[in-house]
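Fold and geometry: a report
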Amino acid sequence: MHFKQWFSTAFFHLNIFALQQIIKYNIRMNNINLYSDFIYTRKVDLDLEELRTTSHFMYQFIKDNFQENKDDFDGQKTVTELLYNKYNLLLYPLPGLHKLYSAIKETFHSCIQHKYIEEPYQDYYIQCWLNLYNKGQFIDWHTHGTKDFDSWHGFYCLDVEPNSSTTYRVNDLQLEVKSENNLIVLSKSGEDLHRSSEWHEENRPRITIAFDIVPAIKLMESGNYQNLNHWIPI
Ligand SMILES: [Fe+2]
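First things first, this report covers the structure right here in the doc. Computed from a predicted structure; not experimentally measured.

1. A closer look at the nonpolar core
Ranked by internal contacts, the top residues of the largest apolar core, which has 41 residues, are Leu-89, Tyr-156 and Ile-209. Only β2 (39-43), α2 (48-66), α4 (97-115), β3 (124-133), β4 (152-159), β7 (183-188) and β9 (206-215) provide two or more residues apiece to this core. Of all the elements, β3 adds the most residues to this core, at seven residues. Excluding residues within four positions of it along the chain, Leu-89 makes contact with Met-58, Leu-97, Cys-128, Trp-129, Leu-130 and Ile-209.

Here is the structure:
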């Protein structure tokens with residue numbers, strides 16, 4: 001083959017390779033939005049009805065099995081959220097939860113790849129709990145973990161419409177993320193405060209499924225070994 005012909009063929013293949021890399025990156029970031037360089041959101045397509053049925057079943061199951069004090073809530077917390085360290089929702093083999101786990105995993109790793117040029121940790125673990133808000137309930141300003149814990153926090157919106165949101169305060173900035181069914185919201189923990197809006201619907205609860213994702217090494221460094229099998233790899 002003539003050198004010029006060889007060169008143009010090689011150049012063509014190099015360009016195809018570059019294009020494939022760009023397409024791959026776009027697919028990985030598909031449907032993911034980033035707000036104020038802090039909050040990632042991704043619309044997913046999970047079976048809402050299936051997950052709603054599972055959540056109602058689990059709400060009763062958690063109350064029956066893990067709630068020691070029946071008055072265990074103060075109007076600003078949901079019962080199942082208060083008991084978050086007693087169970088890991090993703091460990092229950094109920095309809096919809098396996099697909100939810102996959103969706104969270106895919107979203108989280110896309111965000112990590114976007115956030116860091118080189119991933120700082122190899123292994124991450126997740127804890128996951130149910131938030132079921134009845135009329136008048138909300139979760140007041142709080143944060144998850146500390147900055148040096150390098151953890152992430154997020155939630156999946158299951159039944160949150162027509163009118164609810166989560167407000168974040170990050171570095172003097174206030175940002176309201178409107179809740180939409182089938183939306184995953186994810187951000188790095190320890191740099192923000194956030195609160196959920198009060199739920200006003202009479203006939204049905206607001207349902208979200210929340211989670212923390214922490215590097216394995218940080219869990220080990222925490223020294224809290226009693227509860228380690230509450231966390232699962234992701
Ligand atoms: Fe939270």
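This is not the end of the story, as more comes after the structure.
2. What to know about α2
Compared with an ideal rise of 1.5 Å per residue, which puts 19 residues at 27 Å, α2 spans 25 Å between its outermost C-alpha atoms and is within 8% of the ideal. The complete set of buried residues in α2 reads Leu-51, Thr-54, Ser-55, Met-58 and Ile-62. In a view along the axis of α2, the buried residues occupy a sector of 105°, so they form one face of it. Facing away from the buried surface of α2 by more than 90 degrees, the exposed residues are Glu-49, Gln-60 and Asp-64.

3. Here's the deal with α4
Owing to its 3.6 residues per turn, the α-helix aligns residues three or four sequence positions apart on the same side. For α4, spanning 19 residues, the distance from its first C-alpha to its last is 26 Å, which sits close to the expected 27 Å at 1.5 Å a residue. Taken as a whole, α4 has its buried residues at Leu-97, Leu-100, Ile-104, Thr-107, Phe-108, Ser-110 and Cys-111. The arc enclosing the buried residues of α4, seen along the axis, measures out at 165°, which places them on a common side. Set apart from the buried face of α4 by more than 90 degrees, the exposed residues are His-98 and Ser-102.

4. A short note on the environment of Ser-189
One can find Ser-189 in the loop between β7 and β8 (192-196). Those residues within four positions of Ser-189 in sequence are excluded, and the remaining contacts are Thr-143, His-144, Gly-145, Phe-149, Ser-151, Trp-152, His-153 and Asp-212.

Analysis parameters
- Residues numbered from 1 in each chain as written.
- Predicted model: local features only at pLDDT ≥ 70, side-chain atom pairs only at ≥ 80, totals over all residues.
- Core = buried A, V, L, I, M, F, W, Y, C linked by C-beta atoms within 7 Å.
- Buried ≥ 20, exposed ≤ 12 C-beta atoms within 10 Å, placed from the backbone.
- Helix = DSSP H or I, 4+ residues; strand = E, 2+ residues; numbered from the N terminus.
- Contact = placed C-beta atoms within 7 Å.
- Expected span 1.5 Å × (residues − 1).
- Arc of directions from axis to C-beta.

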